[in-house]
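# Structure at a glance
Each chain is listed here by its residues.
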Amino acid sequence: MADETQAPGAVTWDVDERGVATVRLNRPERNNAYDGTLIQGLHDALDALGTMPGLRAVAVSGNGRHFQAGADLKWLAEVRSADAAENHRVSKATADAVDRLNRAPVPTFAAIRGACVGGGTGLIAACDVVVATETAKFAISEVRWGLTAAIIVPQLVDAIGVRQLRRYALTGEMFSAQDAQRIGLVHDVVPDDQLEDRVAELISKTLENAPVAIAETKAQILAEGRGLASPDHFESLIASHAKKRQSDEASEGLASFHEKRSARW
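Values in this document were obtained by computation on a predicted structure and should not be read as measured data.

## Regarding helix α5 (residues 153-171)
Residues separated by three or four positions in an α-helix point in the same direction, a consequence of the helix having 3.6 residues per turn. In this model, α5 (19 residues) spans only 15 Å end to end at C-alpha, well below the 27 Å of a helix rising 1.5 Å per residue. The principal kink in α5, of about 105°, is found at G161. Within α5 the residues assigned to the buried category are P154, Q155, L156, V157, I160, L165, Y168 and A169. Directly beyond the C-terminal end of α5, a positive phi value near 65° is found at G172.

## Observations regarding the pairing of strand β3 (residues 20-25)
The pairing of strand β2 (residues 11-15) with β3 spans five bridges and is antiparallel. Bridge pairing in β3 places T12 opposite R24. Hairpin remark: β2 followed by β3, antiparallel, with four residues in the connecting loop; positive phi at G19, about 90°. Of the pairings in the sheet, the one linking β3 to strand β4 (residues 57-62) comprises six bridges and is parallel in character. Across the sheet, residue A21 finds its bridge partner in β4, namely V58. Regarding topology, helix α1 (residues 36-50) serves as the crossover connection from β3 to the parallel β4, and that connection is right-handed.

## A look at the environment of R27
Structurally, the position occupied by R27 is in the loop between β3 and α1. Residues R27 and E224 lie 197 residues apart in sequence; the distance between their C-alpha atoms is 35 Å. Contacts of R27, omitting those with residues within four sequence positions, involve A10, N32, A33, Y34, D35, T37, L38 and D72.

## Some details on the pairing of strand β5 (residues 108-112)
Across the five residues that make up β5, a large majority, five, are buried. Every second residue of β5 is oriented toward a common face, with T108, A110 and I112 on one face and F109 and A111 on the other, all of them buried. In the sheet, β4 pairs with β5 via three bridges, with the strands oriented parallel. Bridge pairing links A59 to F109 in β5. Bridge analysis of β5 against strand β7 (residues 129-133) gives four bridges, and the strand direction is parallel. Across the sheet, residue A110 finds its bridge partner in β7, namely V130.

How each quantity is defined
Residues numbered from 1 in each chain as written. Predicted model: local features only at pLDDT ≥ 70, side-chain atom pairs only at ≥ 80, totals over all residues. Heavy atoms only, no water. Helix = DSSP H or I, 4+ residues; strand = E, 2+ residues; numbered from the N terminus. Expected span 1.5 Å × (residues − 1). Bend = angle between axes of the 7 residues up to and from the residue. Buried < 20%, exposed > 50% of the residue type's maximum accessible area, 1.4 Å probe, protein only. Pairing = 2+ DSSP bridges. Right-handed = clockwise from strand over helix to strand, strands pointing away. Contact = heavy atoms within 4.5 Å.

Structure below.
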């Protein structure tokens, strides 16, 4: 297939002649923290790629020093001041983006450099294969700001299991690439200068396999996991996520971030 590219924005993408798409988070000035424009950019990319004949794989990476720094807390503070309907819409758009990536019928790969925090951990938990550099750092940090990780819990449970999630989602602690590999969030850890080569190698191996068999196998695997929440449960996670953003704890957590102080719980 011919190369396809998309104009620069909060998310950029291109597709090579093999049908391999590279999707790049593109807010390096904010460490690729997600806001409304990045979430919509992910949807736009998935819309375009979903209608593209001959698509064989998707690789997700981040431009700049970091893969993804979680939610843009300044943006979250603006969202929480809006009404409940807008907060629900934002949570649903975010949850849908992760869910769509999780359900993609082609193999998905994530290349992690720098920080991968909060929602970024859910994004990579929704990918099939994750490779990180030796110096990458991770955190499921929502509780630090009086928020919850509700909408990415199903994917994280599939990726690292209930026992590990009980630790890392409750402590909010930063952990290394080596620990991320140990608990199952990351598959391979490589030197910084080998990240792209290792992802390319794994993609090449995958392209040797039958595309329909891959899609069917992936669907069967997902059906056995928890990442595909039922519609009612999915809606309850969205509602919980949105409601918590407007709670007193979130107000204090976000205030502590803006005022550069410890939260007063």
